[in-house]
Amino acid sequence: MRVFINGYGNIGRRLASAFSHDKEIQFVGIGKYSIDSKVDEAFAKKYPVYVPEEMISKFRNMRYDISGTISDAIKESDLVVDAAKDGFGYSNKINFYVPMNKPAIFQGGEDRTGEKKVADIIHNSRVNYEEVTNQKYVIQGSCNVSGMGRIMQPMIEKFGDKIQRYDVTLIRRWADLEDTKEIKDSIEWDKNPHHQDDVKSFLPSVKLYVESYKVPSRMMHLHQMTIRFKDEVPNFDSLSDIYENEFGVAVLNKAKGTADIRKKAHEFGFEHGDTNMVHIHEETMRKTDDTLKILYSDDQTGIVIPENHLLFQSMMLGRPKKKAYEQTDSLFQISKKRNLLEKEFAT
Ligand SMILES: NC(=O)c1ccc[n+]([C@@H]2O[C@H](COP(=O)([O-])OP(=O)(O)OC[C@H]3O[C@@H](n4cnc5c(N)ncnc54)[C@H](OP(=O)(O)O)[C@@H]3O)[C@@H](O)[C@H]2O)c1
């Protein structure tokens, strides 16, 4: 299976690290659009680099050994994982993927409805892994959307129609660690967070209301989820009872904030400083009558990378879900990372 990663930003460079290490994938290379320090990084990692036709001479003038054009790379590939900045996935689909008849995975910044829609379905491995098998175009849900699916689906399976509704407040990081853009000292609100409709696209029967605020931090997202039950909150001792066997959900007890977890991920030497998961902060759980409040942080850049890898296995290989989780776990070492974090942040 020949795979090309089109785009080499925060998500593209992580996708390239993972897909280039997967022995069952023939890694075609990465698509780069501007000349900056990331080009040197890609060459240092020995990735074949493809650029737009009109940029070939500029890159070659800088003595970069370019492997060809974006179009050459797509022609060589069985799948493109598009990691373009928001909205550019749509133009890539129209200009390249459709005319060249190539399947593509898009990222969460692309649209599922309206004029610039790129696909009919948003993938969340915990909810609709099987439904993306053999699809030609699929969006991998964004980091917040991936995290919400990972937390809500086990709740639905455990408590089903005892749950009345979910209200979620997303506290979103301003920028990623590697971003050079300035962090504005402000709290910004979102008139109409796309996350609500995105989650409802794969969990259509839940009652869900989402608010979203952006805060001056680079350290992950934080979600406060309030779950209202029809009667009293069911009896369980710990959120570990619900999430013990969940892929990519750590239950922590004494992190003081999102930066503690990110710092630990770096200290442990996790690639790119990613945990690739959500972290429930169990000590903040509250139950009152019919209301359960949980708080969890979401590794913004890391969580979607194993999700893309799972999506690839369903879409292109039709692999059974259990086997796909095993494969992804062995590539990303999620279970090992989870154990380390749970031990570090135990009571
Ligand atoms: N950052 C996150 O935490 C996060 C999490 C989940 C999902 N996502 C989604 O992932 C996607 C990428 O986000 P990002 O954070 O990686 O953005 P980013 O860091 O701004 O990187 C975007 C990349 O797109 C490249 N590019 C420009 N034109 C392109 C084209 N026509 N085709 C392909 N690539 C093109 C840019 O290349 P040059 O640098 O060479 O100009 C840049 O490297 C977005 O849909 C975003 O919503 C992001």
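Residues numbered from 1 in each chain as written. Predicted model: local features only at pLDDT ≥ 70, side-chain atom pairs only at ≥ 80, totals over all residues. Heavy atoms only, no water.

**Q** Could you give me a rundown of the packing of helix α7 (residues 143-159) against helix α8 (residues 194-202), with the residues and numbers involved?
**A** Viewed as axis vectors pointing N to C, α7 and α8 meet at an angle of 45°, and their least axial separation amounts to 10 Å. One way to sum up the angle between α7 and α8 is to call them oblique. Considering the relative orientation of α7 and α8, their crossing is right-handed. In this structure, α7 uses N144, V145, M148, G149 and M152 to contact α8, whose residues at the interface are H194, H195, D198, V199 and F202. Of the residues that constitute the contact of α7 with α8, the class distribution is five nonpolar, four polar and one charged. (Axes fitted to C-alpha atoms, helices over the stretch in contact; angles between N-to-C directions. Helix = DSSP H or I, 4+ residues; strand = E, 2+ residues; numbered from the N terminus. Parallel < 35°, antiparallel > 145°, perpendicular 65-115°, else oblique. Left-handed = near helix turned anticlockwise from the far one by under 90°. Contact = heavy atoms within 4.5 Å. Nonpolar A, V, L, I, M, F, W, Y, C, P; charged D, E, K, R; others polar.)

**Q** Let's hear about the packing of aromatic side chains: which residues, and what values?
**A** All told, the structure shown has 12 aromatic pairs when counted by the stated rule. A centroid spacing of 6.2 Å and a plane angle of 75° characterise the contact between Y8 and Y47, whose relative ring orientation is edge-to-face. Pair noted here: Y8 is in the loop between β1 (2-6) and α1 (10-21) and Y47 is in the loop between α2 (37-44) and β3 (49-51), with a separation of 39 residues, a long-range link. Grouping residues by exposure puts Y8 and Y47 together as buried. Judged by centre distance (6.2 Å) and plane angle (55°), the ring pair of F59 and Y64 falls under tilted. Per residue, the accessibility class of F59 equals that of Y64, and both read buried. Through successive ring pairs, a cluster of aromatic residues spans Y8, F27 and Y47. (Phe/Tyr/Trp six-rings, centres within 6.5 Å; stacked < 30°, edge-to-face > 60°. Buried < 20%, exposed > 50% of the residue type's maximum accessible area, 1.4 Å probe, protein only.)

**Q** Give me the lowdown on helix α13 (residues 334-344), citing residues and values where you can.
**A** Residues separated by three or four positions in an α-helix point in the same direction, a consequence of the helix having 3.6 residues per turn. Those residues of α13 not exposed but buried are I334, K337, R338 and L341. Buried residues of α13, seen end-on, are gathered within an arc of 100° and therefore sit on one face of the element. Residues of α13 that are exposed and angled more than 90 degrees away from the buried face: K336 and K343. On its buried face, α13 is in contact with α9 (240-243), β13 (249-252), α10 (258-267), β14 (278-281), α11 (304-317) and α12 (321-332). (Arc of directions from axis to C-beta.)

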